[in-house]
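Coordinates in review
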Amino acid sequence: MEVLENKIVPSIEDSSCLQKIEVGHLESEAIYIFREVVAQFDKPVLLFSGGKDSITLVRLAEKAFYPGKIPFPLLHIDTGHNFPETIEFRDRLAQELGVELIVRNVQDSIDQGKVVEEKGRYASRNSLQTTTLLDALEEFKFDAAIGGARRDEEKARAKERIFSVRDDFGQWDEKNQRPELFDHLNGKIDLGQNVRVFPISNWTELDVWSYIQKENIEIPSIYFAHKRKTFVRDGMIWSAEDAIVHREEEELVEERMVRFRTVGDMSCTAAVLSNAITIDKVVSEIRESTISERGARIDDKRSEAAMEKRKQQGYF
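These notes cover the structure that comes with them. Being a predicted model, the structure only gives us computed values, none of them experimental.

Basis of the calculations
Residues numbered from 1 in each chain as written. Predicted model: local features only at pLDDT ≥ 70, side-chain atom pairs only at ≥ 80, totals over all residues. Heavy atoms only, no water. Core = buried A, V, L, I, M, F, W, Y, C linked by side-chain atoms within 4.5 Å. Buried < 20%, exposed > 50% of the residue type's maximum accessible area, 1.4 Å probe, protein only. Domains from an automatic or database assignment. Contact = heavy atoms within 4.5 Å. Helix = DSSP H or I, 4+ residues; strand = E, 2+ residues; numbered from the N terminus. Polar contact = N/O pair within 3.5 Å; in protein donor to acceptor, adjacent residues only side chain to side chain. Axes fitted to C-alpha atoms, helices over the stretch in contact; angles between N-to-C directions. Parallel < 35°, antiparallel > 145°, perpendicular 65-115°, else oblique. Left-handed = near helix turned anticlockwise from the far one by under 90°. Nonpolar A, V, L, I, M, F, W, Y, C, P; charged D, E, K, R; others polar. Pairing = 2+ DSSP bridges.

1. Digging into the nonpolar core
The biggest cluster of nonpolar side chains holds 54 residues, and the ones touching the most others in it are Phe34, Leu46 and Phe163. The two domains that each donate at least three residues to this core are domain 1 (14-217 + 305-312) and domain 2 (221-301). Here leucine 46 is in contact with Phe34, Leu57, Val58, Phe72, Pro73, Leu74, Leu75 and Ile146, once residues within four sequence places are set aside. If you look at the next biggest cluster of nonpolar residues, it comprises 15 residues, including Leu47, Leu128, Ala136 and Leu137.

This is the structure:
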């Protein structure tokens, strides 16, 4: 501890210890939630993208059911515009764990005329995932979809319960949420309904990174600082190493040292300048950051209630 003007304040070392204690408590809570899901639902599935939050969920699921295997499949709704690094990692991890991986593609929904692809400067397939996700849940009759959403990410997600009920159209009613007193999780649903489950709902971005650090979990290289061809638009840094992100002729390409804090659809996920090439440096960088990771997601900036509207329509 350090003394400052007759006040005791925690040092960096003390803060790190407190973080480890908090992460340990959160791990226990998440494991409890996973076990409740398997106990209360007939056919759960874990939504997996190859991103840090879903990778953390996989590790928690491993611990929850060890020494047995994870007792449900992984489901990825692939926009076709995902970062190649995360797709490669997704496939490799599923193979190493011997877990079933189900992939459903937004491109199929486009080809079937169920959704219309956006065009122009800010075009993205991110919102189109909703239709593909709802179709996949119906196809396999999944009654619980486990995901890595956290309450600190975005204000609409802060309204969710850990067991969040969706109606038979996949829609979410933010005004009709079940109470979850004393950690009692109610998985009772009517015919046609399903539940979205958020085991790391109470975690923060720093908690996730601290857990990855503590558990020495492998993550895609895109999360670490690397040189990348990029361009700047609206004060944000975009990847220019592909034909996915729309770029105007006047938007010049330069090589920058960047990393990604979140890895959604390439067309709506910006990078940040960084020199963090190790997990320890990433954790230190996040600890000092004053900007939310969702600040690099352009799809959240379309309107004040963009996320909430997508969730009401069935988006995860």
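2. Remarks on the side chain of glutamate 205
One can find glutamate 205 in helix H6 (residues 205-215). Taking relative accessible area as the criterion, glutamate 205 reaches 7% and is therefore assigned buried. Only 2.6 Å separates the side chain of glutamate 205 from the side chain of arginine 261, close enough to count as a polar contact.

3. Considerations on the packing of helix H2 (residues 52-65) against H6
One can describe the packing of H2 onto H6 by two numbers: an axis separation of 10 Å at closest approach and a directional angle of 55 degrees. Taken together, the axes of H2 and H6 are oblique relative to one another. H2 and H6 meet at a crossing whose hand is left-handed. Contacts from Lys52, Asp53, Thr56, Arg59, Leu60 and Lys63 of H2 reach H6 at Glu205, Val208, Trp209, Tyr211, Ile212, Lys214 and Glu215. Broken down by class, the residue content of the contact of H2 with H6 amounts to five nonpolar, one polar and seven charged.

4. Brief notes about the sheet that holds strand S6 (residues 144-146)
Read across the open sheet, the six strands follow the order S5-S4-S3-S6-S8-S7; overall the sheet is mixed. In the strand order of this sheet, the two ends are held by strand S5 (101-105) and strand S7 (163-166), each with one partner. Neighbouring strand axes in the sheet, compared pairwise and without regard to direction, differ in orientation by 30 degrees on average. Of the strands in this sheet, strand S4 (74-78) and S5 are in contact with helix H3 (residues 84-97), which crosses S4 at around 160 degrees.

5. Here we look at the sheet that holds strand S12 (residues 272-273)
In space, the four strands of this open sheet follow the order S10-S9-S11-S12, with antiparallel pairing throughout. Every interior strand has two partners, whereas the edge strands, strand S10 (236-239) and S12, have only one. The pairing of strand S9 (residues 226-233) with strand S11 (residues 254-259) spans five bridges and is classified as antiparallel. Residue pairing for S11: arginine 228 is matched across the bridge by arginine 256.

6. Topic: unusual backbone geometry
In this structure, the amide linkage connecting tyrosine 66 to the following residue, proline 67, adopts the cis form with an omega of 10 degrees. Relative to the elements of secondary structure, proline 67 occurs in the loop between H2 and S4. With phi around 60 degrees, lysine 141 is a residue other than glycine that occupies positive phi space. Of note, lysine 141 is situated in the loop between helix H5 (129-140) and S6. Not every positive phi belongs to a glycine, and asparagine 216 is a case in point at roughly 55 degrees. Relative to the assigned elements, asparagine 216 resides in the loop between H6 and S9.

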